[in-house]
Amino acid sequence: MVLVAIVGIDGLMKLVTLIRLWFTTGWGAVPLLKHIDTEKYEAVCVSPRNYFLMTPLLPPVSVGTVETRTVIESIRSLIEPRVKYVEAHCVSVDPKAKVISCNTDGEQPVSRGDDVKTILIPSRRAGGSSSRIIKDSGESIHSFFLNIYLARVRPSFDMKYDILVVSVGSENNTFNTPGIEEHAHFLKEVLDARRIRSAISDAFESAMTPTQTPAKRKRLLHFVVVGGGPTGVEFAAELADLVREDLQIYFPRLVANDVKIALIEALDHILSMRDKQISDYTERHFHRENIDVLMNTFVKEVKQHEVVVQLKGSDELKSIPCSVVVWATGIKPRALTNKLREIIGFDIQSNRMGLTYRSIFTLLFEEADTERRGTLDLQQFRALVERKLQNFHKYLLLEIISKSIEKAFEEADKDKSGTLTLAELHSALGKADTKIRALPATAQVASQEGSFVADLLNQLKDTQSNNYEQKNLKSFRYKHMGSLAYVGGDEAVVDFTGSKPILDMFNLKPLSGRSAAYLWKSFYLTEMFTGRTKTLLAFDWVRTQFFGRDISRY
């Protein structure tokens, strides 16, 4: 989770990046810091996690196809010496005073980027191989990180800023489903992947205990993945590869008789955001890979040894015995985002998935109010909408209003005075803003946004002014490069829908199979930030191909 601020200290402009402790990725901040003009800004990166994480490769990390060190890169090696790095944790922002607070309110200052709460606080699950912190190694892990925590307490501090850019990311959404926090695994951080890898190994070793009953063995070796999006699909695929290519060698009877993988999806298709050909191909492929796909199925509760589900259109609850549950269903805003929304005001910041700026509405109002009356009549409102539609990509909300200008004006004119005040204009535009579909919360989007913000800041001559309209700066335009997903068995799917015009020009169809897998590997190999991680990733794939995955638990 990333927070970027430009702070004035001793007359200098200083760029400060603050990353909160939990679920940190840095897809928006790292491109920003790599492109920011350090001749213009003195840059300082402040973060409790001192590495960048290649989050799309967490599924292969969770089964040992790719090693942990391959998907992380030191922040210092990425941004220094251009940008100075300091370990700290932002917990609050005061937009009025333009101050950020770090390491206060009793927040944990441990800087590994993992969920410290789950390390320092013992798991609430008693017994069973599905425990988040594996029983025979959990105590030593707990003691080790507790000692680190006690030795690394740091003082709190405040820091002023002049310009604040918020890019805090998101966290896992449990939809208030009982038992998720206690009994399910997430897949958003390195610690999550390590925990899952250990739990899989523990499940097989526990199933080999001579006194285990057949029913307990089947439960121990039943793995449930909740969520049919890219993360859930790729983890299920990687787990199936692990079972077929490696565990089959060491546990042949267990694999033949007891192992079962289930993917639960609430909709009627997995990968529902992709082309339907992609969804259909993946479902057929999973059937061949012996992955049970349970569609139109809702998870009602997760217990220590079972998942309670309900089929769409049915009132009957069904229990699925299992040992490992991976929750990959969706995301929600972080606490800091909600706190900022509350400070700004929910009447102004009505969009739950992002932050908007009241100054935009103020600038539009002042531009339209040519007579300086403090109100807009229908003619001025119409002129504003029609004029701004020439740059419709900047004002999508005005494009929505343009379909019925008179109706929008009438609905906003609450007192029926025939004119709109600033508050009434904000109400009309805010209502249209809620109808705009947000960009997908993906690494591809965040990376482009980070580069765009850096370029925007580099173009600013007067950093004290927020009137970007008069500076004739280009607005952000997302360029979709296509979407990929690994589906197991050295096969992948690639969807070019909505990608760059040059790809649309050739009318490229969705790809699937081994050729798509080569494209998938090529893409992630080129996306790795440094030569070190590119080399490690290539060697991991070669090692897995020739020597298999390491199935030991450590």
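Residues numbered from 1 in each chain as written. Predicted model: local features only at pLDDT ≥ 70, side-chain atom pairs only at ≥ 80, totals over all residues. Heavy atoms only, no water.

The name that an unreviewed UniProt entry assigns to the chain is EF-hand domain-containing protein, with the source organism given as Rotaria magnacalcarata. The Sequence similarities (unreviewed entry) comment attached to the chain in UniProt states, word for word, "Belongs to the NADH dehydrogenase family." Checking UniProt for the chain, the heading Subcellular location (unreviewed entry) contains the comment "Mitochondrion inner membrane". (UniProt positions renumbered as here; feature names shortened; annotations may be inferred.)

K.L.:
Sorry if this is basic, but what is going on with the pattern of salt bridges here?
P.N.:
Pairing between side chains of opposite charge can happen when their charged atoms approach one another. Taken as a whole and judged by the stated rule, the model has 21 salt bridges. For Lys-276, the salt bridge goes to Asp-280, with nearest N and O atoms at 3.0 Å. One end of the pair, Lys-276, and the other, Asp-280, are both in helix 11 (residues 276-288), four residues apart, so they sit about a helical turn from each other. By relative accessible area, which is 21% here, Asp-280 ends up partly exposed. Salt-bridge contacts for Lys-303 lead to Glu-306; the nearest nitrogen and oxygen are separated by 3.6 Å. Each member of the salt-bridge network shares a partner with another, and the members are Asp-241, Arg-244, Glu-245, Asp-246, Glu-289 and Arg-549. (Salt bridge = Lys/Arg side-chain N within 4 Å of Asp/Glu carboxyl O. Helix = DSSP H or I, 4+ residues; strand = E, 2+ residues; numbered from the N terminus. Buried < 20%, exposed > 50% of the residue type's maximum accessible area, 1.4 Å probe, protein only.)

K.L.:
Explanation requested: the sheet that holds strand 22 (residues 483-488) in the structure shown.
P.N.:
The strands making up a sheet associate through backbone hydrogen bonding, with each pair oriented either parallel or antiparallel. In spatial order, the strands read 22-23-24; together these three strands make up an open sheet with antiparallel pairing. Two strands lie at the open edges of the sheet, namely strand 22 and strand 24 (511-513), each paired on one side alone. Strand-to-strand twist across the sheet, computed as the mean angle between neighbouring axes with direction ignored, equals 10 degrees. Summarising the sheet, strand 23 (residues 491-495) and strand 24 pair through three bridges and their orientation is antiparallel. Each residue of the ladder has a partner; that of Val-494, found in strand 24, is Leu-511. Contacts between helix 11 and the sheet are confined to strand 22, strand 23 and strand 24, with strand 23 contributing the most and set at about 170 degrees to the helix. (Pairing = 2+ DSSP bridges. Axes fitted to C-alpha atoms, helices over the stretch in contact; angles between N-to-C directions. Contact = heavy atoms within 4.5 Å.)

K.L.:
Is there a simple way to think about the environment of Thr-55 in this case?
P.N.:
Mapping Thr-55 onto the fold places it in the loop between strand 4 (51-53) and helix 2 (58-61). With 28 residues separating them in the primary sequence, Thr-55 and Trp-27 have C-alpha atoms 9.1 Å apart. Among the polar contacts made by the side chain of Thr-55, one reaches the side chain of Trp-27 at a distance of 2.9 Å. (Polar contact = N/O pair within 3.5 Å; in protein donor to acceptor, adjacent residues only side chain to side chain.)

K.L.:
Quick question: what am I supposed to make of the packing of aromatic side chains here?
P.N.:
The geometry of an aromatic ring pair comes down to the distance between the two centres and the angle between the two planes. Following the criterion strictly, the structure yields nine aromatic pairs and no others. Ring centres 4.5 Å apart and planes at 65 degrees place the aromatic pair Phe-52 and Phe-529 in the edge-to-face group. Of this pair, Phe-52 sits in strand 4 while Phe-529 sits in the loop between helix 20 (514-527) and helix 21 (531-547), and the two are 477 residues apart along the sequence. Overall, the relative accessible area of 26% leaves Phe-529 in the partly exposed class. Between Trp-520 and Tyr-524, the aromatic rings sit 5.3 Å apart at their centres with planes inclined by 70 degrees, giving edge-to-face as the arrangement. Taken together, the residues span about one helical turn, with Trp-520 and Tyr-524 both in helix 20 at a distance of four residues. Across the pair, exposure class does not vary: Trp-520 and Tyr-524 are buried alike. Members of the aromatic cluster, each reached through a chain of ring pairs, are Tyr-486, Trp-520, Phe-523, Tyr-524 and Trp-541. Note that Arg-288 overlies the ring of Tyr-281, its terminal NZ or CZ placed 6.0 Å from the centroid. The ring of Trp-541 has Lys-521 sitting right over it, with the charged end atom 5.3 Å from the ring centre. (Phe/Tyr/Trp six-rings, centres within 6.5 Å; stacked < 30°, edge-to-face > 60°. Lys NZ or Arg CZ within 6 Å of the ring centre and 35° of its normal.)

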